[in-house]
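# Descriptive analysis of the structure
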Amino acid sequence: MSGLSRHARTRPGLRVGVRAAVVLGMATLPLLLGVSLHDLPPPVRVVVNGEPVSLSDGTTFGGAIRMMHLRPRPGRLLDVQGGVLEARADPGRILLNGDVAPRSRGLRSGDRISVVNGTDRTEGTRRVVDRLPGRHPGDPQYSLATSRMEQITVVGRRSGKVVSVRYRSIGRSHAPPAVALTFDDGPWPKGTRGVLTVLERMHAKATFFMIGYLVDRYPAIARDVARAGMAVGNHSWDHVEDPPFAKLKPHRLHTELAQANQAIGRATGVHPTLFRPPAGSWDPEVLTVANRLGMRIALWDVDPRDWAASATPRSIAANVLRNVRPGAVVDLHDGGGDAKATIRALPKIIRGIRKMGLQLVTMDQQLPPGPR
């Protein structure tokens, strides 16, 4: 019994010792942890696309790229009409402090990472010069004179798509013993019918440049003009003058020409080969759009300003007859306002031109062959 009681008496002491050791250990743990946390290196503070970011010490340039999923947007190679030739022609870059750096390079506080997207660019162009067979009117056409002609086409260097087309006369031009009377801004109820009555009575031919929305409004008048053997040309859909027609965007240019062609086709069955831009406003883009639709630009070289408020039958006829010569194209108006002065001047104009030994013809000669 004495041995047993001695053993029993030692157990409370053991318990106390264990408890003391545990308490001591718990007391020292925060100190140990505090020392460990204090010894950790501070984070690396960098700037990514202008935004501050904290990264753990030892992060590499490549590690940061992967961690933040940094990817530049690739740049495309476009053709001259905006189509995509290569979707990833310029992959873009990720720069460290403005320069290319190895992905293994460790980051330091103050470093700047920049994601630079690829740049879209358009293919280059080349010029193709073709000599056309025979003789042709100019494009733009100011008169009935014809000459040997070169067609100068600018195309995409890689795609071959057309940027622009123009024509250049070679050598001397030849003017026929003829004059073209042209009438703009119809069809117009009184104006067009009055002009047409005089032309038919005097057995004269002319060219009418019609506005698309007016053709839709007065299809019977447009049809009467075509049935009388007159040439019908395109004068745009709604005669835009402000801004100048040549300042319109390419898509709007195409719409103006194409819709007018459709209206003329529905009313008369004619597909125009001539386009007269409102107020004569044109540039290489207008020329190219017209060519793609199978038309050349038809302008003029005699303008009696018959639309002016001060114009009289006498002044209109005198202005025309003073300026016409072989190959002349005269710009008159059957629409857009009161055409009474023009209608009254027309018989004198026709007789005066014939007295000069000149014929009255239309402008609808064949368009020089070219890209469509």
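Provided above is the structure to which this section pertains.
Residues numbered from 1 in each chain as written. Predicted model: local features only at pLDDT ≥ 70, side-chain atom pairs only at ≥ 80, totals over all residues. Heavy atoms only, no water.

Looking now at the packing of helix H3 (residues 189–201) against helix H9 (residues 340–355). H9 packs onto H3 with a crossing angle of 25 degrees between their chain directions and a minimal axis gap of 9 Å. One finds that H3 runs roughly parallel with respect to H9. Considering how the two elements wind past one another, H3 and H9 form a crossing that is right-handed. Packed against H3, whose contacting residues are Lys190, Gly191, Gly194, Val195, Val198, Leu199 and Arg201, the element H9 presents Ile343, Leu346, Pro347 and Ile350 at the interface. A class-by-class count of the residues in the contact of H3 with H9 yields seven nonpolar, two polar and two charged. (Axes fitted to C-alpha atoms, helices over the stretch in contact; angles between N-to-C directions. Helix = DSSP H or I, 4+ residues; strand = E, 2+ residues; numbered from the N terminus. Parallel < 35°, antiparallel > 145°, perpendicular 65-115°, else oblique. Left-handed = near helix turned anticlockwise from the far one by under 90°. Contact = heavy atoms within 4.5 Å. Nonpolar A, V, L, I, M, F, W, Y, C, P; charged D, E, K, R; others polar.)

Pairing within the open sheet is mixed, and its three strands lie in the order E4-E3-E7. Each edge of the open sheet is held by one strand with a lone partner, namely strand E4 (84–90) and strand E7 (121–122). With two bridges joining them, strand E3 (residues 75–78) and E7 adopt parallel strand pairing. Of the residues in E7, the one forming a bridge with Leu77 is Arg121. (Pairing = 2+ DSSP bridges.)

As a further point, take the pairing of strand E11 (residues 178–186). Counting buried residues along E11, nine of its nine residues qualify, which places the element largely inside the surrounding structure. As defined by bridge partners, E11 adjoins strand E17 (residues 359–361) across three bridges and the pair is classed as parallel. Each residue of the ladder has a partner; that of Ala180, found in E17, is Val361. Sheet topology note: the E11/strand E16 (residues 329–333) ladder contains five bridges and is parallel. Note on E16: the bridge partner recorded for Phe183 is Leu332. Strand direction decides the pairing type here: E11 and strand E12 (residues 207–210), joined by four bridges, are parallel. Note that in E12 the partner of Thr182 across the bridge is Thr207. (Buried < 20%, exposed > 50% of the residue type's maximum accessible area, 1.4 Å probe, protein only.)

Glancing now at the nonpolar core. Grouped together as the largest cluster of nonpolar side chains are 40 residues, with contacts concentrated most on Leu181, Phe183, Leu199, Phe208 and Ile350. Listing elements by their share of this core, those giving two or more residues are E11, H3, E12, helix H5 (219–227), helix H6 (250–268), helix H8 (313–323), E16 and H9. Broken down by element, this core gets its largest block of residues, seven residues, from H9. Other than its neighbours up to four places away in sequence, Phe208 contacts Phe183, Thr192, Val195, Leu199, Val225, Met230, Ala231, Val232, Gly233 and Asp334. If you look at the next biggest cluster of nonpolar residues, it comprises 16 residues, including Leu257, Ala258, Ala290 and Leu299. (Core = buried A, V, L, I, M, F, W, Y, C linked by side-chain atoms within 4.5 Å.)

This brings us to the environment of Ala298. Along the chain, Ala298 falls in the loop between strand E15 (296–297) and H8. Through-space distance from the C-alpha of Ala298 to that of Asn234 is 9.6 Å; in sequence the pair is 64 residues apart. Residues in contact with Ala298, not counting those within four places in the same chain, are Gln141, Phe209, Leu274, Phe275, Arg276 and Met363.

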